[in-house]
Number of protein chains: 2
Amino acid sequence: MTEVKLLGGQGRGDYAQARLAEFVANCRRKKMAVTPQRRAVLRALLESGDHPRADRVYARVRREHPHISLATVHRTLERLCEVGEARKVTPLHETARYDGNTRPHHHVVCVRCKRVEDLEAPEFDTLLAGRQTLGEFHLLGCSVEVRALCHRCRKRTAGRSPSAA
Amino acid sequence: MTEVKLLGGQGRGDYAQARLAEFVANCRRKKMAVTPQRRAVLRALLESGDHPRADRVYARVRREHPHISLATVHRTLERLCEVGEARKVTPLHETARYDGNTRPHHHVVCVRCKRVEDLEAPEFDTLLAGRQTLGEFHLLGCSVEVRALCHRCRKRTAGRSPSAA
DNA sequence: TAGCAGATGATAATTATTATCAATGACGGA
DNA sequence: TCCGTCATTGATAATAATTATCATCTGCTA
Ligand SMILES: [Mn+2]
Ligand SMILES: [Mn+2]
Ligand SMILES: [Zn+2]
Ligand SMILES: [Zn+2]
């Protein structure tokens, strides 16, 4: 029953160190230039445990790199996601998407064209069934977002990096 | 194993009819005015099976109500979500949120303050474990988003409508 | 160390969403 | 059925996130 649990910020420091240490090698592998800005953005992201927005990362990076451009922060964050060094919590954030179907269900999203299809997966729903709370959170519901490539996009995307785990 | 399946647009027509039929009564119950615009927006949303954006709904509604304002469409869609007549597929769409933690994990999101915390739930991951595809979709990964109210927000939200299932 | 492809910074442009506010009309009570 | 009230609408402006542009700079390879 207690299969689901919140993760505190434990071991964040070590994790950040390890990730920064391997960053240079990873960049070389991906043939991506290692710039002070990229390093700083990744460090700032790793130091914030709270899934920050670009402006928060910008604020933090500026403490060490007062001359960095906000555009660079945006570009770098997207780049880090493309190469698998970071993750976008909000793959569909560009515009609000609405759904007239109020029955509980889940979604599969094409990460490229952003097409969204309904998905039925009853098992997902039962996992939180008993619980009312999770730590300090009062539960309302849960939805699963399956990241995928639709047929059309898969053909066009041929050889590509992760961009979504 | 085949517990997860895509839902086609079957029975959409009947579902739409039923929803529209009960809409007036639901509005009365919620003490919300029934306007032609609201009815039209809900109809347009129900007719689009594809999780549309506000501008798509606007385009469709204009076919019958050429004078409707785009602002009204935005307002109405949000309103419908508040009272449980529709659902926002993208509760975190306002701004991109990034995550330096690349280990597979899930999230709990406070629907009010948008705080995001990491969540560990191994069972969620195993459900799609075997599959490579789902219908025409090539699977990449899946993430669970648990909607919740954090302690602080729960106190401040006292008596409130659904806004999230 | 030279040269180039890619990265950056400054800035403008784009675009979704929200705010404002006067005019309108839905609806409960007379 | 008519009226007054107040929520809703439409038109428009304001806001804010993101992306585009482009001249300059710099990490990287040979
Ligand atoms: Mn749906
Ligand atoms: Mn996370
Ligand atoms: Zn696609
Ligand atoms: Zn909260």
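Bear in mind that the values here come from a model prediction, so they are computed numbers and not experimental data.

Quick notes on the rules
- Residues numbered from 1 in each chain as written.
- Chains lettered and ligands numbered in written order.
- Predicted model: local features only at pLDDT ≥ 70, side-chain atom pairs only at ≥ 80, totals over all residues.
- Heavy atoms only, no water.
- Donors = N, O, S within 2.8 Å, 3.2 Å for Na, K, Ca; no water.
- Helix = DSSP H or I, 4+ residues; strand = E, 2+ residues; numbered from the N terminus.
- Buried < 20%, exposed > 50% of the residue type's maximum accessible area, 1.4 Å probe, protein only.
- Pairing = 2+ DSSP bridges.
- Near = heavy atom within 4 Å.
- Polar contact = N/O pair within 3.5 Å; in protein donor to acceptor, adjacent residues only side chain to side chain.
- Nonpolar A, V, L, I, M, F, W, Y, C, P; charged D, E, K, R; others polar.
- Tetrahedral: all angles 85-135°; square planar, octahedral: opposite > 155°, others 65-115°.

### Here's the deal with the coordination of the manganese ion (ligand 1)
- At the metal site, the manganese ion (ligand 1) is ligated by Asp99 of chain A (OD), His105 of chain A (NE2), His107 of chain A (NE2), Asp118 of chain A (OD) and His51 of chain B (NE2), and these contacts range over 2.0 to 2.2 Å. Taken together, the residues His105 of chain A in the loop between strand 3 (98-99) and strand 4 (106-110) and His51 of chain B in the loop between helix 2 (36-47) and helix 3 (54-62) connect one chain to another. Accessibility classification places His105 of chain A together with His51 of chain B in one group, the buried group.

### Here we look at the pairing of strand 5 (residues 116-120) of chain A
- Looking at chain direction, strand 4 of chain A and strand 5 of chain A are connected through four bridges and run antiparallel. In the sheet register, Val108 of chain A faces strand 5 of chain A, and the bridge partner there is Glu117 of chain A.
- Two successive antiparallel strands, strand 4 of chain A and strand 5 of chain A, enclose a turn made up of five residues, where Lys114 of chain A displays a positive phi of approximately 70°.
- Examined bridge by bridge, strand 5 of chain A and strand 1 (residues 5-6) of chain B share two bridges and lie antiparallel to one another. In the sheet register, Leu119 of chain A faces strand 1 of chain B, and the bridge partner there is Leu6 of chain B.

### Some points on the protein's contact with DNA strand D
- Neighbouring residues of DNA strand D: 21 residues in total, closest Val34 of chain A together with Thr35, Thr72, Arg75 and Ala96 of chain B.
- Of all DNA strand D atoms lying within 4 Å of any protein atom, the proportion belonging to sugar or phosphate reaches 76%.
- Between a phosphate oxygen of DNA strand D and a side-chain N or O atom of Arg38 of chain B, the distance comes to 2.8 Å.
- Arg75 of chain B is positioned with one of its side-chain polar atoms (N or O) 2.8 Å from a base nitrogen of DNA strand D.
- Listing elements by their share of the surface near DNA strand D, those giving two or more residues are helix 4 (70-82) of chain A together with helix 2 and helix 4 (70-82) of chain B.
- For the surface near DNA strand D, the residue count by class is eight nonpolar, eight polar and five charged.

### Let's talk about the coordination of the zinc ion (ligand 3)
Residue and element names in this part refer to chain A.
- The protein atoms donating to the zinc ion (ligand 3) are Cys110 (SG), Cys113 (SG), Cys150 (SG) and Cys153 (SG), with metal-donor distances spanning 2.3 Å.
- Coordination at the zinc ion (ligand 3) is tetrahedral: its four donor atoms span angles of 102 to 116° at the metal.
- Sequence positions of the donors to the zinc ion (ligand 3) reduce to the motif C-x2-C-x36-C-x2-C.
- With a relative accessible area of 1%, Cys153 lands in the buried category.

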